[in-house]
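Chains, contacts and geometry: an overview
These are the residues of each chain, in order.
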Amino acid sequence: MTPDTMISVGRIVKSRGLQGEVVVRALSDDPERFKSFDEIVATGQDGASSVLKLAFVRTHKRQGTSEVHLRFEGVESREQADALKGLTLNVAREQLPLAEDEYFLFELAGLEVLTSAGESVGHVKEVQRNPGQDLIVVSSDDGAELLIPDVPEFVDKSMMEEGRLVVTPIEGLLGDD
């Protein structure tokens, strides 16, 4: 598997208990999907990767957020689990099927942003996750950074295949006075 075909699904934040379990901050809107994985590719900050086989998966709701608790084959102590802290967990893109109208947030980065009138606004820099709705961060053509709520009333994604997002601006949305 090449890095281009891998998708990050979580990051190990700490060990849990004495039996080698780890707590993962899921990067997915569906933490339950960890239960469908047999193995995960763990990558460190240095870029080194290794394949870890899952032995145990449990999701846990805590203070409004979901945690994923994992145990890997061969990791049987707290010390071994502590050594995994900070690793990013990745799976092959094929392991994450999407419905026809779904997409990965990172796929928005770099898309050209146009108004519904066809005027250029800029390019998508990133998407910020928020409890109410996600915000699309746009680097505008004049160098400003714009935040556009990712809601159907403002954003039309029907042209994503062509590399474009179309926004229907309301007064003040694009920084105009």
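Before reading on, note that the structure itself is shown above.
Report follows, based on the coordinates. (Residues numbered from 1 in each chain as written. Predicted model: local features only at pLDDT ≥ 70, side-chain atom pairs only at ≥ 80, totals over all residues. Heavy atoms only, no water.)

**Some remarks on the pairing of strand β2 (residues 21–26)**
Stated formally: Think of it in three bands: with a 1.4 Å probe and only protein chains considered, a residue is buried below 20% of the maximum accessible area for its type, exposed above 50%, and partly exposed in between. Note on conventions: DSSP H or I runs of at least 4 residues are helices, E runs of at least 2 residues are strands, and numbering of each starts at the N terminus. Criterion used throughout: strands pair if DSSP finds at least two bridges between them.
Most of β2 sits inside the fold, with five of its six residues counted as buried. With six bridges joining them, strand β1 (residues 6–16) and β2 adopt antiparallel strand pairing. Within the sheet, the bridge partner assigned to Lys-14 lies in β2 and is Val-23. Hairpin connection, β1 to β2: the antiparallel pair is bridged by four residues, and Gly-17 has positive phi, about 75 degrees.

**As for the sheet that holds strand β11 (residues 155–156)**
Read from one edge to the other, the open sheet built from six strands follows the order β10-β9-β8-β7-β12-β11, with strand pairing classed as mixed. Here the strands that pair on one side only, and so sit at the sheet edges, are β10 (145–149) and β11. Sheet topology places β11 next to strand β12 (residues 164–167); two bridges connect them, and they run antiparallel. Residue pairing across strands places Val-155 opposite Val-167, the latter belonging to β12.

**Some details on the pairing of strand β7 (residues 112–115)**
Summarising the sheet, β7 and strand β8 (residues 120–128) pair through three bridges and their orientation is antiparallel. The residue bridging Glu-112 from the neighbouring strand is His-123, located in β8. For β7 and β12, the ladder comprises four bridges, and the chain directions are parallel. By the bridge assignment for β12, Glu-112 is matched with Arg-164.

**Points about the environment of Thr-59**
How we decide: Residues count as neighbours in contact if any of their non-hydrogen atoms are within 4.5 Å of one another. Under the rule applied, a polar contact is a pair of N or O atoms within 3.5 Å (in protein, one hydrogen donor and one hydrogen acceptor; residues adjacent in sequence only if both atoms are side-chain atoms).
Structurally, the position occupied by Thr-59 is in strand β4 (residues 49–62). In sequence terms Thr-59 and Arg-78 are 19 residues apart; their C-alpha atoms lie 19 Å from each other. With near-sequence residues (within four places) excluded, Thr-59 lies in contact with Pro-31, Glu-32, Lys-35, Glu-67 and Val-68. Side-chain polar atoms of Thr-59 contact the side chain of Glu-32, separated by 2.4 Å.

**Observations regarding the environment of Leu-52**
Within the secondary structure layout, Leu-52 lies in strand β4. Given the relative accessible area of 13%, Leu-52 is considered buried. The spatial distance from the C-alpha of Leu-52 to the C-alpha of Ala-42 is 6.8 Å, given a sequence separation of 10 residues. Leu-52 has contacts with Asp-38, Glu-39, Ile-40, Ala-42 and Phe-72, leaving out every residue within four places of it along the chain.

**Details of the environment of Ala-109**
Inspection of the secondary structure puts Ala-109 in the loop between β6 (88–92) and β7. Note on Ala-109: relative accessible area 43%, which makes it partly exposed. The sequence separation of Ala-109 and His-123 amounts to 14 residues, and the corresponding C-alpha distance is 7.7 Å. For Ala-109, the residues in contact, after removing those within four places along its chain, are Val-124 and Lys-125.

**Regarding the layout of surface pockets**
A water-sized probe rolled over the atoms picks out the places where empty space is left. Filter applied, for reference: Here the term cavity refers to a set of points on a 1 Å grid, laid over the protein atoms alone, in which a 1.4 Å probe fits but cannot get out; the term pocket refers to an open set having protein on both sides within 12 Å along at least five of seven lines, with lining residues being those that place an atom within 4 Å of a point. Grid points are joined across faces, edges and corners, and a volume is the space filled by probe spheres set on the points. Following the grouping adopted for this structure description, the nonpolar residues are Ala, Val, Leu, Ile, Met, Phe, Trp, Tyr, Cys and Pro, the charged ones are Asp, Glu, Lys and Arg, and the polar ones are all others, Gly among them.
For the largest pocket, the calculated volume is near 690 Å³. For the lining of the largest pocket, the secondary-structure elements that each account for two or more residues are β1 and β8. Considering every element that reaches the lining of the largest pocket, the biggest residue donor is β1, with three residues. Tallied by class, residues from the lining of the largest pocket come to 14 nonpolar, two polar and nine charged.

**Observations concerning the pattern of salt bridges**
Formally: We define a salt bridge as a contact between a side-chain nitrogen of Lys or Arg and a carboxyl oxygen of Asp or Glu at a distance within 4 Å.
On inspection of all chains with the given rule, the structure shows 10 salt bridges. When the shortest N-O distance is used, the salt bridge between Arg-71 and Glu-21 registers 3.7 Å. Placement of the pair is Arg-71 in strand β5 (residues 65–72) and Glu-21 in strand β2, with a sequence separation of 50 residues. Glu-21 sits in the buried class, given a relative accessible area of 6%. Residue Glu-39 pairs with Lys-53 through a salt bridge whose shortest N-O separation is 3.1 Å. Taken together, the residues Glu-39 in strand β3 (residues 39–43) and Lys-53 in strand β4 connect sequence positions 14 residues apart. What makes Glu-39 partly exposed here is its relative accessible area of 29%. Judged by its relative accessible area of 43%, Lys-53 falls in the partly exposed class. Several salt bridges converge on common partners, so that one network encompasses Arg-16, Glu-21, Arg-58 and Arg-71.

Read these as spatial facts, not as claims about activity.
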